[in-house]
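So you can see what is in the structure, the chains are spelled out below.
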Amino acid sequence: MNALIPLPIIVPLLGASLCVIAARARWIQRIVSLSALTCNMIVAITLFVRVDDRDMVVMQAGGWPVPLGITLAVDRLSAVMLVVSSLMLLAVMVYAIGQKAEESRYAAFNPVYLVLAAGVSASFITGDLFNLFVAFEMMLVASYVLLTLGGRPDQVRAGMSYVVISLIASTFFVTALAVIYAATGTVNMAQLAERMPELPPGVATGFSLLLILVFGIKAGLFPLFFWLPDSYPTASGAITAVFAGLLTKVGVYAIIRTQTLMFPPDARQGTLLLVLAGLTMIVGVLGALAQDDLRRMLSFHIVSHIGYMIFGLALFTLAGVAGAVFYVVHHIIVKTALFLVAGLVERRSGSDRLSRVGGLVRSAPVIAVLFALPALSIAGLPPFSGFVGKFALVSAGIDSQDWLIVGVSLLVSLLTVYVMVRIWSNVFWGEPEDPAIVAWIASEESRVPRLMTASASVVVALSVALMVFAGPLYNYAERTAADLLAPQRYIESVLGSDAP
Amino acid sequence: MFFLLLLHLVIGIAIVAAGKMLGRRAFLVAAIAPLVTLLWAAAKAPGVLDGDPVTESFAWIPQLGIDIDMRLDAFALLMVAVISGIGLLICIYSMGYFSHDKPGLARLAGVLVLFAGAMLGVVLSDQLIALFIFWELTSVTSYLLIGNDDTNPRARAASMQAIFITGAGGLVLLAGLIIIGQAGGTYRMSELLADPPTGGAVNAGIVLVLIGAFTKSAQAPFSSWLPAAMVAPTPVSAYLHSATMVKAGVYLVARLAPMFAMTGSWRLVVMVIGASTMSIGGLRALRQTDLKLLLAYGTVSQLGFMMLLLGVGEYHIAEAGLVLILAHAAFKAALFMVVGIIDHETGTRDITELHGFGPSWRLVQVVAVVSAASMAGIPPLFGFVAKEKALDGYLEHGDFAGATAVLVVIVLASILTFAYSARFVLGVFGAFGDVDRPVVSRTAHAPGAVFVGPSVVLAVATIVFGIVPGLLDDLVEGATTALYPASEPKALHLFAGFNTALLLSVVIIVCGVLLTVLRTRVTGVQRRASEVIRPIPSGEQGYLGVLRGISAVANRVTATVQNGSLPIYIAIIILTVTLVPAAAFATEIGPLPQWVEEPAHVVLVAVMVAAALGASIVRHRIAAALMLGAVGYAMAGLYVARGAPDLALTQFSIETLSTVLFVLVLRFLPRSWRHRAPSIAAPMRIAVAAAVGVGIFIFALSAGNARSSVDEPSMSEVMVEQSLPKGKGHNVVNVILVDFRGWDTMGEITVLLVAAIGAVSLARPGRRRSDDHAPVFEEILDAGDEPALPEPLR
């Protein structure tokens, strides 16, 4: 079973190299990508079942014991992230093929996409802080390329902000690694967990803050999120969807992982995180309200909901962390679904400007339904998974008597409903006035390729499945939270089994 | 019970999916759902009325306490009768109303069924969170129904208003329910009733719950969405916005009043809001010329009345409220149906345009008169029975503070009710018909049997239950006992003897007649009064103000935060990431280091600082690249000075290579870059750079000093030790790169590969699309104001 651990990284990388070799044969690239991502999904599900059933699995890369080598470990949190991300990566790949845009036009798409997949998996699997940096780099460099693949001036411009800010984030990450290593003499997370309490409290607190902020840039926390709404919407539908669904959540994952595992309770930054969470929620949703185009709206909206996840973590209670984990899973699937559907909307109506399009409920009822389901969920309306997540968080907040953040989260929830209603009312209701749009909708060209609709439908169906299986999923989230809040098991699994 | 909900779901979705295929028959299919529900309820009724509720449970998320517990007790039965009874009639009525097929009809019929299912869920849930789930579903379906005629901007605006206000209330309600549930240790109402929680948090919780209920039931000051919702087709208005959904708030208050009426400020809040709503609704109804709006404000007023009856936690009064729910459902739905008929046949529902109807309209007129008379509280109709019971309840059992004041309000507002009921009737008969307006009603077609039938059924019910109210004794008494287990409800009577309540009824009718006779003068007074109160913002203006405020704040905040300037973003990010942790590190800064270990350091650092400053000052590209190289060489020098020649060697080769590459590439670009006005002034930039430098210095100092508090050896020590025996290599850097941490190296190699692919794909000439040109760096920078939006139509 342990041999499975590195597969979600190795298989896509192997696939990527095959795709580079087969640069001139798109069909080979496609077969390779789809099989690699399918394989990833199977491995992820196998690990998920095994980890939940028995215990977390640990592997030391190359067989080098701690602290010589690099630890790979899959616990409940990693396992669920792997499953969800592999599902999304596969679905988006299919969508990208159906879209006949970047994927068909550029030979680079397939290999780079697979590297992105490898980077995402590596982030979830690694138990080594420096290796996490490497995983981030793989993911980021792939995202730079994917973002600018179209080569349009606006893409390159947005890509530049994105690259510059990401590089700054990486520089700070390396700085953080350097100072953490200087103080503790290790970058193995389990060892760090052991040594952190020995440090003077101010230093441990400093590290905690530093990591929150470094990962916060990636996650899109206030006031570090500026790059996100400027860059995401410029990419093509498929790429934006995978960025929106996964990349910020890798940052959130890193925050959850490092905060719960490495830092003793007195170095945890509950209050600061709550403040950041609240501001992130508000500024994000206000940003969404100020937009006129669908994908920019949804991009700002990601920021807002990152706040919810951080809110759950910041409580550092079983209910809070469980809520955060649930919310992360929910958000990855539902947000990916929304972006995929936004791509359908744009293809069908020729624009994604709210003020230009309209009436899709009549001209494209299927897209309307596909949008409505995840939109209701993201707006936190029952009985969809967004409601369950919101309920879990609000009820955890009330339980901890953090009234202010509860109030903020409810207010933001109302504004989210407002955002979704505005989208619905402008995109799906009414009638487009612009003759160019009307002509486009009537034309053959505006027909959405079946494959796009099909893969978007699968993701929407998954988002509905989240509702149906909310009970078991929440149970799982609660078990995950219990693991996270008692990191001794993780530390022993890593250090106890293979320690020299 | 779940099968009923599922049935509604399936039928609703099927109708929407069938689309145009069904046409008007969609409503026939829709009628199956309420019909089955009614039959089921009738079958269960005897047992339920015997005090033996039917329960069903589905554990959805037990850990969170979200279980769907259903319970059909007598109160739920009463509500089910209203929901499905009116629902069935509305389905039949819709066949007449939508005589011509039009787009969106299937959506309307399907969503109507979905709504009915959600509404059943509300009244059948025994669990507060389950109730909330269905509650929100009624809001969503109501939104879709109000906006169903989506090309009408007014419909879209009204639907937005409805979901915004009820949605806001819903969230407040959710918070309240969670507080109550956590305090009580359960979300089950039947358990909470046995042992209601108390305490400070609960006091706050019940106010939140009440606010939620008030938004749903259109209580002041949240009532503005209900009149706006009248833009929906009449069947929707009759069903959702008078008979069922708007009663959800009343229903919830009725359920919780037995538990919380004595807690905190519950009773006071209910009395104040209920009384204001009842009066304001009545006053505004009296001013309307649109029959539908008149009825809508009348509904607002009646909902206030129901709050006053069901919310004060006194079972005699609550019993009257239950009767009122039934009576109101009968007369108000019938009146709406009449308005729908008039609107449909004449194309107007404005009383100044109606001039009375021909003789073939007799039946419609009878229905209108009977129903309006019931609303006005004239014997021997159902509405009179309800009002008598209410007056009697407050007279005999209103022994709590404020009860007398409420009674006075009820009497006054009932006079208004009489007056607007009379206004409705006179309007239908053409008494307000303006001679200058075209006459359409006289010659209008009489409606068909299917169209009138449902309202006739309701009018007959109004008469029968008015004359023989005893028919409902079992149901009403059972429902009262379901709410207040210890109660001993009294039987219903048309004539309960000569008592004070009867006297008050006489007063109401006499005053109402007076108001009606003096209606022109009353209108004048009202107009003057409305001018006086104009400065006080109405609920409608409040809503619009909130929307404008949100929009203004959103634009302001976003313009400030997301200003599009990369230098500003960077400044904020680097300051945040360095200064916040630095504040923590500064508390453990420890002793300062020895500044100069070797003289060589001074030279190297001086070179490094000078080159770095130079690189940021010069405009010449190649010079800048060379200075960057110098920084790297000085760094390598520091490695040599620290005794790490292998590292230094690596650094030297990297610096050399990258400088050469830089120079090669820069040849193709202009020699120096254009001067661009910086978005941050120079002193500011210097300050930011200095602050970041100091911050990082504090990190390093404090982290380095903390090393002494950790006893374990560093990784590097272990690696140096194990390099030869385990890694079989003398050069420890090599062993680390290819062996110990080869996994990292694999990742970094991948990074390089991808970067190369990216660079090639960006720079490759002759890109596949002919309209593309690879943008040059400066062009990109200058393209600041271009919209970053892909438009396929461009």
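**Brief notes about the packing of aromatic side chains**
Ring pairs (aromatic) are described by centroid distance and by the angle formed between their planes.
Step number 1: Applying the stated criterion across every chain yields a total of 46 aromatic pairs over all chains.
Step number 2: When the ring of Trp227(A) is compared with that of Tyr232(A), the centres are 5.7 Å apart and the planes differ by 75°; the resulting orientation is edge-to-face.
Step number 3: Here Tyr232(A) and Phe243(A) contribute two aromatic rings whose centre-to-centre distance is 5.6 Å and whose plane-to-plane angle is 55°, an arrangement assigned as tilted. Taken together, the residues span a long stretch of sequence, with Tyr232(A) in the loop between helix H10 (227-231) and helix H11 (237-262) and Phe243(A) in helix H11 at a distance of 11 residues. Both residues of the pair, Tyr232(A) and Phe243(A), belong to the buried class.
Step number 4: Ring-pair connections join several aromatic residues into one group, and the members of that group are Phe130(A), Phe133(A), Phe136(A), Phe173(A) and Phe215(A).
Step number 5: Sitting over the face of the ring of Phe400(B), Arg267(B) holds its NZ or CZ atom 4.1 Å from the ring centroid.
Step number 6: Lying over the aromatic face of Phe432(B), Arg519(B) brings its terminal NZ or CZ to 5.5 Å of the ring centre.

**Some remarks on helix H10 (residues 234-243) of chain B**
Step number 1: With respect to burial, H10(B) is a largely interior element, 10 of its 10 residues being buried.
Step number 2: Taken together, the buried positions of H10(B) are Thr234(B), Pro235(B), Val236(B), Ser237(B), Ala238(B), Tyr239(B), Leu240(B), His241(B), Ser242(B) and Ala243(B).

**Details of unusual backbone geometry**
Step number 1: Between Val66(A) and Pro67(A) the backbone carries a cis peptide bond, its omega angle lying at 5°.
Step number 2: Geometrically, the link from Ala220(B) to Pro221(B) is a cis peptide bond, its omega value of 0° lying close to zero.
Step number 3: Tracing the backbone through its elements, the reader meets Pro221(B) in the loop between helix H8 (200-216) and helix H9 (225-228).
Step number 4: Positive phi values are uncommon outside glycine, yet Phe316(A) reaches one of about 50°.
Step number 5: In this structure, Phe316(A) sits in the loop between helix H13 (294-315) and helix H14 (318-349).
Step number 6: Positive phi, close to 60°, is recorded for Gln401(A), a residue that is not glycine.
Step number 7: Among the structural elements, Gln401(A) can be located in the loop between helix H17 (385-399) and helix H18 (403-428).

**Side note on the packing of helix H2 (residues 26-53) of chain A against helix H5 (residues 109-125) of chain A**
Residue and element names in this part refer to chain A.
Step number 1: The interhelical angle for the contact between H2 and H5, taken along N-to-C directions, is 10°, at an axis separation of 10 Å. Relative to H5, H2 is oriented roughly parallel. The element H2 and its partner H5 pack so that their crossing is left-handed. Residues Arg-26, Gln-29, Arg-30, Ser-33, Ala-36, Leu-37 and Asn-40 of H2 form the contact with H5, whose participating residues are Asn-110, Pro-111, Tyr-113, Leu-114, Ala-117 and Ser-121.
Step number 2: Residues belonging to the contact of H2 with H5 are distributed by class as follows: 6 nonpolar, 5 polar and 2 charged.

**Section: the environment of Glu56(B)**
All names here are of chain B.
Step number 1: Mapped onto the elements of the fold, Glu-56 is located in strand S1 (residues 54-61).
Step number 2: Spatially, the C-alpha atom of Glu-56 lies 48 Å from that of Gly-347, the residues being 291 residues apart in sequence.
Step number 3: If we skip the residues at most four places from it in the chain, Glu-56 touches Met-1, Phe-2, Ile-68, Asp-69 and Met-70.
Step number 4: At 3.2 Å, the side chain of Glu-56 and the backbone nitrogen of Phe-2 are in polar contact.

The rules we used
- Residues numbered from 1 in each chain as written.
- Chains lettered and ligands numbered in written order.
- Predicted model: local features only at pLDDT ≥ 70, side-chain atom pairs only at ≥ 80, totals over all residues.
- Heavy atoms only, no water.
- Phe/Tyr/Trp six-rings, centres within 6.5 Å; stacked < 30°, edge-to-face > 60°.
- Helix = DSSP H or I, 4+ residues; strand = E, 2+ residues; numbered from the N terminus.
- Buried < 20%, exposed > 50% of the residue type's maximum accessible area, 1.4 Å probe, protein only.
- Lys NZ or Arg CZ within 6 Å of the ring centre and 35° of its normal.
- Axes fitted to C-alpha atoms, helices over the stretch in contact; angles between N-to-C directions.
- Parallel < 35°, antiparallel > 145°, perpendicular 65-115°, else oblique.
- Left-handed = near helix turned anticlockwise from the far one by under 90°.
- Contact = heavy atoms within 4.5 Å.
- Nonpolar A, V, L, I, M, F, W, Y, C, P; charged D, E, K, R; others polar.
- Polar contact = N/O pair within 3.5 Å; in protein donor to acceptor, adjacent residues only side chain to side chain.

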